[in-house]
Amino acid sequence: LYLRLLQTKKIDWEDRHHFFGIAARILRQLLVARARTRLAQKRGGGLSITELTPGVDAASPAAVDTASGSPMGFGGIAWGSPVATQPGLAPYENSAESATVTCLWPQGPKDIFGAPIRDAYYEFFKDQFYHVWINFDGQAAYEKALAGLTRAYGPPTQENRDKFYHAWQLGEVNIYCAYHRDLNEGDVSFFYQPLYDRMIATRKAAGAKAPARSAKK
């Protein structure tokens with residue numbers, strides 16, 4: 001971790017929270033690299049899987065409920081669904097304090113509105129799907145993701161263009177898209193708010209900390 005922090009010496013640290021945020025992202029990278037190695041060993045080493053998982057529409061990973069206008073889930077997994085709904089999900093992180101399980105899905109969607117997905121984390125609270133966190137590389141991918149989200153859900157309901165931050169509040173679903181220029185990476189998150197609120201309350205009661213979700217190599 002220390003060596004990786006040394007490589008970020010060109011970053012203009014804004015404050016201690018910025019520093020610890022970057023440190024958390026680098027730590028997440030190390031953990032994900034180990035998790036990928038473990039998953040690869042379990043699933044056939046370096047073999048490449050090209051077939052699509054049934055039910056996954058990679059071109060439209062977040063289908064919209066026409067009545068409410070909000071996404072019904074992500075990648076064909078509906079909000080509130082258990083991990084067992086999609087056999088391809090592979091749990092790699094558990095938090096007893098917040099009652100959550102985070103999964104990787106090697107056969108899941110490979111892009112979000114044309115922006116290639118580098119990593120995606122599918123999170124379950126008490127075995128109910130409530131959150132997906134998607135990482136991508138580069139400003140071009142950020143611009144594609146932002147354009148696609150805007151086409152699908154309309155203009156952001158909140159944004160700070162100077163800081164490359166955009167958010168949508170769509171009924172019970174919140175979405176955000178951000179680009180981190182210092183790291184040349186970005187992320188998109190979909191939250192199902194009713195379960196997210198319950199998870200936050202559980203986490204606060206237990207004094208648990210939220211994990212960082214960047215895994216850039």
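Residues numbered from 1 in each chain as written. Predicted model: local features only at pLDDT ≥ 70, side-chain atom pairs only at ≥ 80, totals over all residues. Heavy atoms only, no water.

### A closer look at the overall build of the protein chain
Then, number 1: What the protein chain contains, in helices and strands, is 4 helices and 12 strands.
Then, number 2: The buried share among the 217 residues of the protein chain stands at 46%.
Then, number 3: By sequence separation, contacts in the protein chain at least 24 residues apart represent 56% of the contacts at least 6 residues apart.
Then, number 4: Accessible surface, the protein chain: about 11500 Å² in total, of which carbon and sulfur atoms supply 55%. (Helix = DSSP H or I, 4+ residues; strand = E, 2+ residues; numbered from the N terminus. Buried < 20%, exposed > 50% of the residue type's maximum accessible area, 1.4 Å probe, protein only. Contact = heavy atoms within 4.5 Å. Areas by Shrake-Rupley, 256 points an atom, 1.4 Å probe, with all protein chains shown as cover.)

### A closer look at the environment of Phe164
Then, number 1: Here Phe164 is to be found in the loop between β9 (158-160) and β10 (165-170).
Then, number 2: Between the alpha carbons of Phe164 and Tyr179 there is a distance of 5.4 Å; along the sequence they are 15 residues apart.
Then, number 3: Leave out the neighbours within four places in its chain, and Phe164 touches Gln139, Tyr142, Cys177, Ala178, Tyr179 and Arg181.

### A closer look at helix α3 (residues 139-153)
Then, number 1: In this model, α3 (15 residues) spans 21 Å end to end at C-alpha, consistent with the 21 Å of a helix rising 1.5 Å per residue.
Then, number 2: Every buried residue of α3 is listed here: Ala141, Tyr142, Ala145, Leu146, Gly148, Leu149 and Tyr153. Angular distribution of buried residues about the axis of α3 spans 165°; they occupy a single face of the element. Away from its buried face by more than 90 degrees, α3 exposes Ala140 and Arg151.
Then, number 3: The inward-facing, buried residues of α3 abut β5 (111-112), β6 (115-116), β8 (128-137), β10, β11 (173-180) and β12 (185-192). (Expected span 1.5 Å × (residues − 1). Arc of directions from axis to C-beta.)

### Here we look at the packing of aromatic side chains
Then, number 1: One pass over the full model with this rule turns up 17 aromatic pairs.
Then, number 2: Plain terms: the ring middles of Trp79 and Phe129 are 4.9 Å apart, the flat faces sit at 25° to each other, and that makes the pair stacked. Here Trp79 is found in the loop between β2 (77-78) and β3 (90-95), whereas its partner Phe129 is found in strand β8, with 50 residues between them in sequence. Here Trp79 and Phe129 have matching classes, each one buried.
Then, number 3: Ring geometry for Tyr122 versus Phe129: centroids 6.2 Å apart, planes at 35°, classification tilted.
Then, number 4: Ring pairs connect the aromatic residues Phe74, Trp79, Trp105, Tyr122, Phe124, Phe129, Phe190 and Tyr192, which therefore count as one cluster. (Phe/Tyr/Trp six-rings, centres within 6.5 Å; stacked < 30°, edge-to-face > 60°.)

### So, the sheet that holds β3
Then, number 1: Reading across the sheet, the 8 strands line up as β3-β4-β7-β8-β12-β11-β10-β9 and stay open at both edges, with antiparallel pairing between neighbours. The open sheet has two edge strands with one neighbour each: β3 and β9. The mean angle between the axes of side-by-side strands here comes to 15°, regardless of whether they run parallel or antiparallel.
Then, number 2: Pairing analysis gives 7 bridges linking β8 to β12, with the strands arranged antiparallel. Across the sheet, residue His131 finds its bridge partner in β12, namely Phe191.
Then, number 3: Contacts between α3 and the sheet are confined to β8, β10, β11 and β12, with β11 contributing the most and set at about 155° to the helix. (Pairing = 2+ DSSP bridges. Axes fitted to C-alpha atoms, helices over the stretch in contact; angles between N-to-C directions.)

### Here's the deal with the pairing of strand β4 (residues 100-104)
The two faces of a sheet get side chains in turn, since along a regular strand they alternate between them.
Then, number 1: Judged by how many residues are buried, β4 sits mostly within the fold: 4 of 5 residues are covered.
Then, number 2: Summarising the sheet, β3 and β4 pair through 5 bridges and their orientation is antiparallel. Bridge pairing links Ala90 to Leu104 in β4.
Then, number 3: Taken together, β3 and the strand that follows it, β4, pair antiparallel across an intervening segment of 4 residues, in which Ala99 is found at a positive phi of about 55°.
Then, number 4: Judged from the 4 bridges that link them, β4 and strand β7 (residues 119-125) form a sheet pairing that is antiparallel. Considered in β7, the bridge of Thr102 is made with Glu123.

### Remarks on the confidence of the model for the protein chain
Then, number 1: For the protein chain, per-residue confidence averages 77 on the pLDDT scale, and 64% of positions sit at 70 or higher.
Then, number 2: Below a pLDDT of 50 lies the segment residues 1-11, which in the model reaches 17 contacts outside its immediate sequence neighbourhood of four places, other chains included. (pLDDT = per-residue confidence, 0-100.)

### Quick look at the pairing of β8
Then, number 1: Within β8, 8 of the 10 residues are buried, which leaves it mostly tucked inside the rest of the structure.
Then, number 2: From the end of β7 to the start of β8, which pair antiparallel, there are 2 residues, and Lys126 there has a positive phi angle of about 50°.

### Points about the pattern of salt bridges
Then, number 1: This structure, assessed with the given rule, holds 4 salt bridges.
Then, number 2: Here Glu185 makes a salt bridge to Arg118, at a shortest N to O gap of 3.2 Å. Highlighted residues: Glu185 in strand β12 and Arg118 in the loop between β6 and β7, separated in sequence by 67 residues.
Then, number 3: Ionic pairing is found between Glu159 and Arg161, a salt bridge with its closest N-O pair at 3.5 Å. (Salt bridge = Lys/Arg side-chain N within 4 Å of Asp/Glu carboxyl O.)

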